[in-house]
Each structure stands twice: as C-alpha cells, then as structure tokens.
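# Per-entry structural report
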Amino acid sequence: MESSLQAPPKSADFIVMAWAEIMGLKKGVPAERPQIGESIFHEWPPAAAVAHALDGVERTTGQILWIEGGPGTGKTLLLRLADRLARARGFHALYAGADPSAGGERWRLARFLIESLTGGVESWDGSVSSRLESLVLHLPRSKPTAIVIDDLPLADPDSLHLLEFIGSWVHRLPMIMVVAAGLGERAGDPGAFARLAGDSSTRRILLQGLGCPEVEQMITTALGAPHADFLLAVREATGGVPLFVRELLHVAQVAGWEPDAERAEDVRSAHCPAIADTIKIRTKRSTTHGQRFFETLAVLDRADPALIAEVSGLTVPVVTETADRLRDLQILTPGWPVSFAQPVVSTSIYRSIPLNERQWLHGRAAWSLSGRCQSEQVVAGHLLESAAKGEQRTVEVFRHAARQAKAEGAPHSAVRYLQRALQEPPSAETATEVALELAVARLEVDPGLAIRQLKRLYGQTGPPAERARVAVHAAGAFMLADRIDDAVHMLDDAREHLRAPEDGELAAAITGRRELARLLRYGVSPGAGDAVPDAADGVPYIVIVEAMRSGLRGDAHASVALAREVIADQEAFAADETGQLLPAVLPLMWADELADVDAPLRRAARSVHPLAALAARGLAARMALWRGDVGSAVRLGGEVAPVEVHDQSAHLGSGSLGVLALALIEAGDLERAATALKCHERLATSENVLLAGEFAFGKGALAMASGEHHTALTWFDMCGQRLRRAGVRNPVVLPWQAYSAVLRAIVGDQDGAREQAVAALREGQAWGTPRAIGVAARSAGVVACLTGALPDQPEGHRLLEQSVRVLEGSPAILEHMRSLWALGWANRRRNCTAQARKQLREALVLARSTGAAQMATAISEELVASGARNGQSGLGGQRLTHAEHRVATAAADGLTNREIAERIFVTRRTVELHLTSVYRKLGIRGRPELLDALNQTRE
C-alpha cells in the first residue's frame with residue numbers, strides 16, 4: 001500500500017454520517033429534535049463487519065461482502081456506509097444501483113462501472129467482453145478499489161457475468177465488492193447470481209430486525225425516553241426493521257406524540273405510506289399478482305389460500321405461488337393461515353387501498369366468511385367497512401352481531417352495529433324494531449341520549465302495538481332513571497291506544513309496569529280514583545305488584561306466597577325481556593326466604609337487555625349486603641351506581657345508590673359514602689318513595705357512624721315520615737324506627753325512645769322473621785339499658801340475649817354481629833366482663849369475616865373497655881408463637897403445668913412463662929377463659 005492512503009477514521013464517525021443521511025427524517029422534523037438515531041449503529045454488528053472487511057483489503061487481499069435481508073432491514077444503509085468509509089480511507093470507490101427500468105438493455109451496470117474506471121468506452125456490443133476482462137486484469141494495484149452495488153438481482157445478465165468474473169479475481173486484487181440482495185429475489189441470470197454468491201471470497205451478512213435496546217435508542221432520539229408499553233408496541237409493530245421504525249417515528253413526530261403508554265395503541269394502528277410504497281415496489285418486482293394478494297390479505301388480516309382466492313378473485317394456485325414468493329421476501333409469516341410478518345405493514349397497506357376498492361373487498365370478505373359459519377361479529381366487522389346497499393341480509397347480520405356483543409359485555413360494539421344497520425337502511429317493516437334495539441343498546445353507553453331516543457321513537461311510531469312495545473322499554477328506563485311520572489304518563493297513553501284482542505299480553509305488561517311505577521311513586525295505596533288490578537287473574541306482571549304491596553304493608557305470608565307464584569312461572573321469567581318480573585325477589589328477600597332468589601338473579605344478570613341486567617346487578621348488590629358480604633356489595637353497587645355521576649337525570653343506577661352508601665359505611669369508607677350521597681342529593685326528593693326513604697336512611701347511618709347523633713336522628717325521622725306517608729309498615733325494608741329509638745335514648749329523649757322501641761318491637765313481631773324480631777329486640781334492649789325497663793318487657797340484657805338467640809343461624813349475619821356487640825356492651829355495664837369479652841370476640845370474628853371494618857373498630861374498642869388486652873381486642877395484632885400455641889392447647893385440654901412440661905420436654909418454669917405470655921396476648925385472665933379464646937383465634 002502507498003503511504004498516500006489516508007489514515008482510517010473511527011468507524012463510528014462514518015456510521016453517524018451515513019445514518020444521518022439515510023435514516024434522518026425527510027420532513028416535519030421539529031427544530032429541537034436531532035436526526036433519528038444517527039448514533040444508533042455505532043456498535044451495530046453489520047456495520048462493524050463492513051469496517052473490518054475494509055481493513056482486510058488494506059492489509060492483504062480483497063473479498064466480496066454479500067448483504068441480504070428483507071425489505072427495510074438496512075441493506076442500502078450498509079452500502080452507503082461502505083461507500084463513505086471506503087472513500088474516507090482513500091479507496092477508489094464506485095457506487096451503483098441496478099435499474100429495473102432499463103428492461104433488457106445489455107451491459108447497463110457494466111457500462112457504468114467501466115466508464116467510471118476508464119473515462120468512457122466507444123462501442124458496447126458483445127465483442128467488448130474481452131476488452132472488459134483485460135481492463136479488469138490491468139486495474140491499478142497501487143490504490144484499493146471498492147465496488148458497491150445495490151439491488152444486485154435487478155442487474156442485466158451481461159453485467160452479472162462481468163461481476164462474476166470480477167468476483168473470481170477479487171482475492172488477487174486490492175479490491176472489495178459490496179453487494180446487496182433482497183431475500184428471495186430472483187436474478188436475470190440465476191446461475192451467475194448463484195455462483196457469485198457462492199464464491200470462496202464471498203462473506204454473507206444477513207440483516208434482521210433490531211432488538212429492543214436499539215429501538216429504544218431510536219425512540220429516545222426522536223421522541224424522548226419511551227414508556228415500556230410504547231417501546232414494546234413499536235418493536236412488535238415493526239419487527240425492529242430499521243426502515244419501518246424510522247417511518248413510524250416520522251409519523252409520531254409529525255403527529256406530536258409523546259412516547260407514553262397511552263400512545264401504544266396508536267402505534268399499533270399507525271399508517272406509514274412509505275412502508276406501503278416499499279412493499280409494493282418489492283412485490284411488483286417479484287410477482288405479477290402481488291398487489292391484489294396483499295391488499296386482500298390486509299383486509300382479511302389472516303387467511304388461508306382458499307379464502308384469499310375467493311375474496312381476491314385469484315385462483316388458489318396463484319395465491320399459493322404468490323404467498324411463497326412473498327414469504328421468500330420475508331413479508332409474510334410462515335405456513336397457513338398467513339398474515340403479514342410486521343403489523344405496521346398490514347396497517348400501512350390497508351390504509352393505502354383506495355376507499356371504493358377497500359369497501360368492495362370488505363363486502364366480499366363478509367359474505368365469504370359468512371358462508372364459512374364465522375361469528376356474526378366477524379362478518380359484521382367487515383360489513384361495517386363496506387358500502388351500504390340496502391340489503392336486508394346485512395341488516396340481520398348487524399342485529400345478530402349486536403346481540404352477541406351485548407351478551408359478551410361490549411355495548412359500544414352493539415351500538416355501532418345497530419347504527420350501521422339503520423344506515424343500510426332496514427325495510428319499513430323492521431325499521432322501528434332496529435331503532436328500538438339501538439336505543440336500548442345505548443342505555444349502557446349513553447343513558448341520556450338513549451332515553452331521549454326512546455321518547456322520540458315513541459312519538460314517531462304509529463301502530464299501537466309497536467308504540468306499546470317502545471313504551472315498555474322506555475318506561476323501564478324512566479323508572480331506573482328515577483323519572484316515575486314520565487313512565488306513568490307514557491304507559492297510560494300506550495294502554496289507552498291498545499284495542500286489539502291479540503294485544504292482551506302486551507296490555508298486561510303495560511298495566512303491570514304502570515302499577516309498579518305507581519307503587520313506587522305513591523306507596524301501597526293507589527291514587528285517587530284508580531282501581532287496583534286483581535292479582536287473582538294470575539297475570540305475573542300484576543301478581544308481582546300485589547306481592548310488593550303486601551310486603552310493604554307488612555303482610556309477610558301473602559307477600560311471600562305471591563312472590564313464589566311469580567318465581568315459579570319459569571315461562572313468564574324466560575319471556576321477561578326487560579326484567580319487569582325481577583322485583584319478585586324483594587318480598588322473598590324481606591322474608592329471608594333466599595333459596596329461590598339466586599337463580600332468577602343470575603339468569604337476569606346474563607341478559608342481553610341492559611334494563612334486566614342493570615336491575616339484576618342492583619338487586620345482587622342489595623342481596624350481598626343483606627347476607628353480610630360487604631365487599632361484594634361495595635363492588636356490585638359501585639358497578640351499577642358509581643360514586644360520582646355527572647348527569648343524574650339520566651343515570652340508571654339510582655336505585656342502588658342507597659345500598660352502595662350503606663355498604664361503604666359498613667366497610668368503614670365514610671368519605672366515599674359521603675361523596676356518593678352528596679352526588680345524588682336529588683334523591684332526597686325522589687319521585688320514588690322507597691329511594692327517597694333509602695337516601696334519608698343512608699344519610700342517617702353516615703351521621704351515626706360519624707358520631708353526629710342529632711343529625712342522624714333527623715335523617716332517620718325523615719326516612720320514617722316518607723315511608724309512613726306511603727303506607728310502608730314493613731320494618732325490614734328500612735329499620736329506621738329501631739335506629740331512631742336508640743338515638744333518642746342517647747340524646748336524652750327517654751319517653752320518645754321508649755315509645756319508638758315498643759312500636760318497633762310490635763312491628764318486628766308482626767313481620768315475624770328472625771331479622772325483624774332480632775333488630776327490634778336489640779333496639780328495645782339498648783333503650784331499656786339506657787332508660788330503664790320497658791312496659792311489659794324483660795330487662796334490657798334479656799332482650800339483647802333474645803336478639804342474639806333469634807338471629808343466630810339466620811342470613812342476617814351483620815345484624816347478629818351488632819346484637820352480639822350490644823349484648824357485650826350491656827354485660828360490661830353489668831360488670832359481667834368475662835361474658836362481655838366472649839360475646840365481643842364472637843362479634844369481632846363476624847365483623848372481620850364480613851368485611852364490616854366500621855363495626856370491627858367499634859367492637860375492638862369495646863373489648864378494650866371490657867378488660868381485654870390489645871392482642872385479643874383486635875387493636876394489637878400480636879400472634880402466639882408456635883411454642884406458646886402448643887402450651888396453650890395443652891392447657892386448654894386440661895393438662896397441668898407439670899404434665900405439659902413432660903409432654904413437650906421443657907421445664908415447668910418455661911410452661912409458666914409461655915402461659916403468662918398467652919394470657920397477655922389473648923387478653924384473658926386464666927385457664928377458664930383459655931378454650932374460648934383459642935377457638936376465637938382459630939376462627
């Protein structure tokens with residue numbers, strides 16, 4: 001080598017130069033942003049391989065670098081790196097790209113190379129081949145030569161022969177030939193191409209996708225440090241292909257994205273036109289039918305050859321051959337069914353298809369998939385992207401898909417399908433049905449808009465039967481939204497226009513819903529001049545109203561009998577699309593007859609109709625609290641009645657707000673309970689007397705839990721006034737009187753407390769269930785303990801013992817817990833502290849098992865007051881060691897200290913020390929209390 005050769009600079013500098021040129025954004029780069037990833041490839045192994053190969057040419061002899069990879073993997077980048085690095089090192093460098101537009105022109109690539117070396121050749125026909133070879137043999141040895149050729153498979157056959165000849169001499173010359181070839185691309189002369197690739201001087205470099213560290217650096221340079229979700233989305237969408245990453249980041253920069261988790265979904269749907277153009281060019285070179293194939297595949301996303309052929313109009317053999325060629329190019333995944341190897345390719349090609357062509361392909365795809373018995377939602381997904389043609393089969397597909405979506409908990413999809421069904425449009429005979437289905441589906445998405453649509457649809461519908469069907473759905477929504485008067489007015493109007501005998505069942509449904517609405521509005525007494533329908537007719541919609549009336553009046557026997565009659569009518573329940581019969585579970589719940597309640601609630605909760613599903617979930621929350629499952633009550637209540645609602649006038653979960661607030665109070669979350677009640681303050685004047693009463697009861701419970709006794713008493717009295725005006729005498733619906741009596745005793749109104757306690761006892765005994773009797777007896781017992789014995793009643797602690805005894809084994813677990821707490825409190829006041837601690841420990845176990853954190857704290861404090869230590873009170877949390885537990889168990893079994901010491905091989909002194917520690921931790925005073933304390937610890 002001559003000394004005139006320039007000293008080779010650091011490889012990283014040249015990689016930076018080439019990367020800045022090749023991988024920089026072409027437009028829209030913010031001024032403060034550097035070029036994308038211009039230092040990414042400082043240590044990229046292929047770049048290092050190029051630099052090493054150039055070093056080898058300078059030191060010894062030449063070689064061929066054969067760079068291959070799929071579209072966008074960086075072949076051109078490496079070639080330009082090689083050219084830049086060779087020039088900087090003093091090489092005589094020639095950079096050329098085979099031109100596919102040259103057609104069959106001979107010697108085109110060779111002409112460029114030779115003219116660059118010699119300054120021109122006069123004649124270019126077959127006879128000059130020997131002159132070319134002679135020229136190559138006489139290339140100067142004093143200065144190394146670098147020949148860099150892009151897209152080698154596109155070279156004309158004659159030029160390929162020349163390159164083959166040069167390749168055979170490379171190892172004897174100070175020369176390097178760097179060529180790039182796409183994987184799977186076919187050359188004009190396959191033989192010469194293969195021989196050049198297999199030459200002994202050839203070193204192959206296979207380019208694949210970048211790893212996460214390189215992709216992360218590219219993102220950081222372009223957009224800033226990425227969130228892990230964003231990084232993974234970019235890597236998965238692009239497969240790490242440098243060109244694809246670059247174009248995706250270009251889109252992100254122009255759109256002003258931040259690389260955060262929220263943008264990860266945008267990455268997966270990004271459209272990069274340059275990627276689509278690159279793929280189209282590559283496929284056009286390799287296969288005749290590539291464009292039709294990949295446009296069809298982009299629409300289908302993943303498909304087998306028969307489906308692609310059916311949708312595209314190509315034959316199966318052509319599809320199979322085209323797929324094989326595209327797989328060779330690394331554009332498709334291996335095997336069948338096939339999809340694009342990189343999701344960003346699929347998205348970019350899909351978005352590049354002209355709209356009318358895309359709609360046509362989606363239409364063909366829909367009916368091809370329909371014939372293959374695919375899911376209605378899959379078919380509907382394609383029809384959504386096709387042009388509307390007024391086809392009724394399309395309308396029916398959308399209706400079926402909407403039902404599937406609702407059943408799967410996807411109401412937004414259901415709304416979208418039905419909106420598109422209306423745009424088709426449906427026939428005149430089905431237009432009202434489709435519009436009704438859309439409004440009903442929208443109840444879960446936008447209740448306010450849905451209710452307005454139902455009201456408008458009712459006014460626009462002509463035939464009385466159709467209007468009545470709309471009225472049933474609209475009135476159900478009005479009732480759930482606490483708009484009882486609107487429901488009654490619409491139902492009255494619909495009933496007035498129903499004349500035909502065949503509308504009898506529909507008329508019964510209208511009447512039943514109307515009577516239920518009036519019951520909620522006015523209570524157990526009908527309005528002036530209204531006749532109450534006769535439940536003896538056996539129509540379930542009427543029977544359920546009478547069951548509710550009997551229950552609210554306090555007639556447990558009649559209420560339960562009628563409710564069971566409705567529950568037993570499986571046919572009626574199956575036909576009850578809107579959940580109109582679900583209130584039948586309330587009388588059974590009030591009577592603690594819960595065995596028959598779960599099945600209809602589970603069935604309705606799975607309903608595709610939002611009115612039935614919402615009502616069922618609300619009742620399930622109520623049932624969970626009724627059974628003492630506080631956590632489930634909070635969860636279910638929160639699903640139906642969120643703590644904060646902006647548009648209360650259209651909120652469909654108002655009926656569950658009281659349950660949610662009470663469950664939150666039980667759970668000790670007074671702040672959220674207060675927020676929920678404040679957000680729904682309009683319920684204080686609700687048209688629904690039960691909701692208004694429950695709201696007042698919830699406010700009273702919150703004030704009582706917060707120690708605001710006078711405020712609590714005001715709210716409980718308000719609850720009682722609302723229920724009394726409505727004729728409600730059932731004490732378990734809302735036990736306001738029992739709570740009010742205790743609060744009166746606390747604030748010093750002894751006469752009022754005693755009077756209310758006696759009245760509560762009387763009503764509880766009249767209803768006759770353990771819950772009703774137990775709650776009333778507890779209230780009377782506490783009042784008696786505070787004010788003295790009640791007339792004709794046992795002493796206070798005797799009433800509390802009766803309350804505990806009645807509630808034990810009943811579903812009223814929370815009430816049993818409260819009665820145990822009250823009895824423990826009373827016994828402490830009587831200085832029966834051992835009994836008090838026993839009862840309080842039982843109450844604490846129930847509080848913890850039910851999730852009643854508020855009561856658990858109060859019980860623990862009472863335990864401390866009764867003489868228990870912190871470990872047993874629940875406030876300390878100390879646990880017995882293994883050794884202490886062994887000693888305690890043996891002592892509880894009746895063994896003496898000496899017997900225990902002999903059994904476990906310790907001294908008597910050690911046993912005494914262990915027992916002392918056990919007594920301290922369990923908050924007891926000796927062996928007589930040990931067995932009960934250990935049992936409570938196990939529970």
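Here's a quick rundown of the structure. Please read all numbers here as calculations on a predicted model, not as lab measurements.

Each helix and strand in the protein was counted, giving 48 helices and five strands. Every one of the 939 residues in the protein was classed for burial, and the buried ones make up 55%. Expressed as a percentage of contacts within the protein between residues at least 6 apart in sequence, the contacts between residues at least 24 apart total 67%. When the accessible surface of the protein is split by element, carbon and sulfur atoms take 50% of a total near 39,300 Å².

Here the focus is the sheet that holds strand β5 (residues 202-207). In spatial order, the strands read β2-β3-β4-β1-β5; together these five strands make up an open sheet with parallel pairing. Looking at the sheet topology across the chains shown, the edges are occupied by β2 (92-97) and β5. With direction set aside, neighbouring strand axes in the sheet form an average angle of 15°. The sheet contact formed by strand β1 (residues 63-69) and β5 spans six bridges and is parallel. For Gly-69, the partnering residue across the bridge sits in β5 and is Leu-207. Of the strands in this sheet, β1, β2, β3 (145-150), β4 (175-182) and β5 touch helix α3 (residues 75-88), which is tilted by about 160° from β2. The sheet strands contacting helix α7 (residues 190-197) are β1, β4 and β5, and the helix crosses β1 at an angle near 115°.

Before going further, it helps to examine the nonpolar core. Leu-443, Trp-590 and Met-817 are the most contacted members of the largest nonpolar core, which has 152 residues in total. Discounting chain neighbours no more than four positions away, the residues touching Trp-590 are Met-548, Gly-551, Leu-552, Trp-626, Asn-730, Val-732, Val-733, Trp-767 and Thr-769. Leu-210, Leu-231, Ile-308 and Leu-332 belong to the second-largest nonpolar core, a separate cluster that totals 100 residues.

Here the focus is the packing of aromatic side chains. For the coordinates displayed, the defined rule picks out six aromatic pairs. Judged by centre distance (6.1 Å) and plane angle (85°), the ring pair of Phe-695 and Trp-715 falls under edge-to-face. Of this pair, Phe-695 sits in helix α35 (residues 689-705) while Trp-715 sits in helix α36 (residues 709-725), and the two are 20 residues apart along the sequence. Here Phe-695 falls in the buried class, since its relative accessible area comes to 3%. Judged by relative accessible area, which is 18%, Trp-715 ranks as buried. Both rings, one in Phe-697 and one in Phe-716, keep their centres 5.1 Å apart while their planes meet at 65°; by these two values the pair is edge-to-face. In this pair, Phe-697 sits in helix α35 while Phe-716 sits in helix α36, placing the two residues 19 residues apart along the sequence. In terms of burial, Phe-697 and Phe-716 fall into one category: buried. Ring pairs connect the aromatic residues Phe-697, Phe-716 and Tyr-739, which therefore count as one cluster. The side chain of Arg-358 reaches across the aromatic face of Tyr-350, ending 5.1 Å from its centre. The ring centre of Trp-367 lies 3.7 Å from the NZ or CZ of Arg-393, which sits over that ring.

Turning our eyes to something else, we now look at the environment of Ser-779. Within the secondary structure, Ser-779 sits in helix α39 (residues 770-787). Along the chain, Ser-779 and Arg-754 lie 25 residues apart, while their C-alpha atoms are 9.8 Å from each other. In this structure Ser-779 touches Ala-738, Ala-741 and Val-742, once residues within four positions along its chain are discounted. There is a polar contact of 2.8 Å between the side chain of Ser-779 and the backbone oxygen of Ala-738.

Along helix α16 (residues 343-352), seven of the 10 residues are buried, which leaves the element largely enclosed by surrounding structure. Those residues of α16 that sit buried are Val-344, Val-345, Ser-346, Thr-347, Ser-348, Ile-349 and Tyr-350.

Let us now look at the pattern of salt bridges. A complete count under the given rule lists 43 salt bridges for this structure. In this structure, Glu-164 and Arg-195 form a salt bridge, with 2.6 Å as the shortest nitrogen-oxygen distance. One end of the pair, Glu-164, is in helix α6 (residues 157-169); the other, Arg-195, is in helix α7, and 31 residues separate them in sequence. A residue is classified by how much of its surface remains accessible, and Arg-195, at 45% relative accessible area, is partly exposed. Asp-324 serves as the salt-bridge partner of Arg-327, at 3.0 Å between the closest nitrogen and oxygen.

Cut-offs applied
Residues numbered from 1 in each chain as written. Predicted model: local features only at pLDDT ≥ 70, side-chain atom pairs only at ≥ 80, totals over all residues. Heavy atoms only, no water. Helix = DSSP H or I, 4+ residues; strand = E, 2+ residues; numbered from the N terminus. Buried < 20%, exposed > 50% of the residue type's maximum accessible area, 1.4 Å probe, protein only. Contact = heavy atoms within 4.5 Å. Areas by Shrake-Rupley, 256 points an atom, 1.4 Å probe, with all protein chains shown as cover. Pairing = 2+ DSSP bridges. Axes fitted to C-alpha atoms, helices over the stretch in contact; angles between N-to-C directions. Core = buried A, V, L, I, M, F, W, Y, C linked by side-chain atoms within 4.5 Å. Phe/Tyr/Trp six-rings, centres within 6.5 Å; stacked < 30°, edge-to-face > 60°. Lys NZ or Arg CZ within 6 Å of the ring centre and 35° of its normal. Polar contact = N/O pair within 3.5 Å; in protein donor to acceptor, adjacent residues only side chain to side chain. Salt bridge = Lys/Arg side-chain N within 4 Å of Asp/Glu carboxyl O.

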